[in-house]
Amino acid sequence: MLGKIRGMRALKKAQECEQNHFGRMLTGITKEQFGLEIGPSLRPCAPKREGYHVEIVDWLDRKGLIDKYQGMGLDTSKIEEVDYIWDGRSYAEVTGKRGSYDYIIASHVIEHVPDFIGFLKDCSSMLKPNGILSLAVPDKRFTLDHFRMVTTTGKVINDYLSKDKYGSMGALTDYWNHVIRRDGLTSWQRTQDKKIKKTYEFIHDEEFNRQSYKDSVGVEAVRDFHQNVFTPASFELLIYELWEYELIDLKIATLYDTTAEEFIVSMRKSAQRPVMSGEERMELIRRVSRENVVD
């Protein structure tokens, strides 16, 4: 009986997390607006079938996505028709639209992009004035990135200036060396009891890392891994500092704290830079340091 009760509680918690995810991702977004959803795959946040006026860009067409995920034993019933297939070019080039969308949605995309600044600029170019960019971002504390250091402003500026289409080997080796499983999982609920003893293990061993490096150096290929690592405070600091260098024109309108293993950020295109006092900035840096400490 106790196991059944715990199972029901876990199911209820998962349902609440899913409701939070979709509700927060759609902050300021209505069905009447015209939007773009990037890489929704299995579960779009703004489904066409529910009346959202939205286009979809993904790396495969609908049939390709269904074939892929059915082979993994996953539910493919919510996959929708794909309007544009991403081919490595900027999203603005793929869609052929600039200044056209009221909103852009990207759930668990931004951690994979090799050029963080370029991605934000790309999205901004497609948005109307005051348009919304809605992001779901994994919180590294509750994922396989648990022991990795957060992405800094210096890292994303280097990525932007290097114009490396596939990301740096340094970022890839950092990923190989430090990603872990906790109790056999690569992501877990934030609400997990802290008193429970946790078991960590590396996903990759030294031989894998060494051979993968040898096989990858000098090879240009798409590599799907977490190029960037965030906590809520580190993301907020990164966005503020990029405004310092006049590199972006999107600022945070709402940042929802972590639920489950992700936090949600709603950004708006703006000509007015965010304002932060020296004291506020120092406190934000302290928060980044506190959030980067892991057990």
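Scroll up for the structure.
Residues numbered from 1 in each chain as written. Predicted model: local features only at pLDDT ≥ 70, side-chain atom pairs only at ≥ 80, totals over all residues. Heavy atoms only, no water.

Points about the overall build of the protein chain
Step number 1: The number of helices and strands found in the protein chain is nine helices and nine strands.
Step number 2: Relative to a compact globule of 295 residues, whose C-alpha radius of gyration would be 19 Å, the protein chain shows 20 Å and is just as compact.
Step number 3: A principal-axis box enclosing the C-alpha atoms of the protein chain has dimensions of 50 × 45 × 45 Å.
Step number 4: Sequence-distant contacts, at least 24 apart, represent 72% of the contacts inside the protein chain between residues at least 6 apart.
Step number 5: Within the structure as shown, the protein chain displays about 15,500 Å² of accessible surface, and the carbon and sulfur contribution to it stands at 52%.
Step number 6: One way to put it: in the protein chain the 43 positive side-chain charges average out to a point 4 Å from where the 46 negative ones average out. (Helix = DSSP H or I, 4+ residues; strand = E, 2+ residues; numbered from the N terminus. Rg over C-alpha atoms; globule rule 2.2 N^0.38 Å. Contact = heavy atoms within 4.5 Å. Areas by Shrake-Rupley, 256 points an atom, 1.4 Å probe, with all protein chains shown as cover. Lys, Arg positive; Asp, Glu negative; His and termini not counted. Charge placed at Lys NZ, Arg CZ, Asp CG, Glu CD.)

Observations regarding the pattern of salt bridges
Step number 1: Within the structure shown, the criterion is met by 17 salt bridges.
Step number 2: Here Lys-155 ties to Asp-159 by a salt bridge, and the two come within 2.7 Å at their closest N and O atoms. Of the two residues, Lys-155 and Asp-159 are both situated in helix α5 (residues 153–162); the distance of four residues between them amounts to about one turn of the helix.
Step number 3: Among the residues examined, Lys-155 registers a relative accessible area of 21% and is labelled partly exposed.
Step number 4: A residue is classified by how much of its surface remains accessible, and Asp-159, at 9% relative accessible area, is buried.
Step number 5: Across the pair Glu-207 and Arg-210 runs a salt bridge, and its minimum N-O distance is 3.0 Å. A residue pair is termed a helical-turn pair when its members lie 3 or 4 positions apart in one helix, as Glu-207 and Arg-210 do in helix α7 (residues 206–216) at three residues.
Step number 6: Classification of Glu-207 as partly exposed rests on a relative accessible area of 44%.
Step number 7: Owing to a relative accessible area of 43%, Arg-210 belongs among the partly exposed residues under this scheme.
Step number 8: Residues joined by salt bridges that share partners form a network here, namely Asp-145, Arg-148 and Asp-174. (Salt bridge = Lys/Arg side-chain N within 4 Å of Asp/Glu carboxyl O. Buried < 20%, exposed > 50% of the residue type's maximum accessible area, 1.4 Å probe, protein only.)

Things to note about helix α6 (residues 169–178)
Step number 1: Inspection of α6 places Ala-171, Leu-172, Tyr-175 and Trp-176 among the buried residues, and these make up the whole buried set. Taken around the axis of α6, the buried residues stretch over an arc of 135 degrees, which confines them to a single face.
Step number 2: Residues of α6 that are buried sit in contact with α5 and α7. (Arc of directions from axis to C-beta.)

Regarding α7
Step number 1: For α7, the full list of buried residues reads Asn-209, Ser-212 and Ser-216. Seen end-on, α7 carries its buried residues on one side only, within an arc spanning 70 degrees. For α7, the exposed residues set more than 90 degrees away from the buried face come down to Glu-206 and Lys-214.
Step number 2: Contacts made by the buried residues of α7 are with α6.
Step number 3: Residue Asp-205 occupies the N-cap position of α7, its side-chain oxygen lying 3.3 Å from the main-chain nitrogen of Glu-207.
Step number 4: Positioned one or two residues after α7, Gly-218 has a phi angle of 80 degrees, which is positive. (Polar contact = N/O pair within 3.5 Å; in protein donor to acceptor, adjacent residues only side chain to side chain.)

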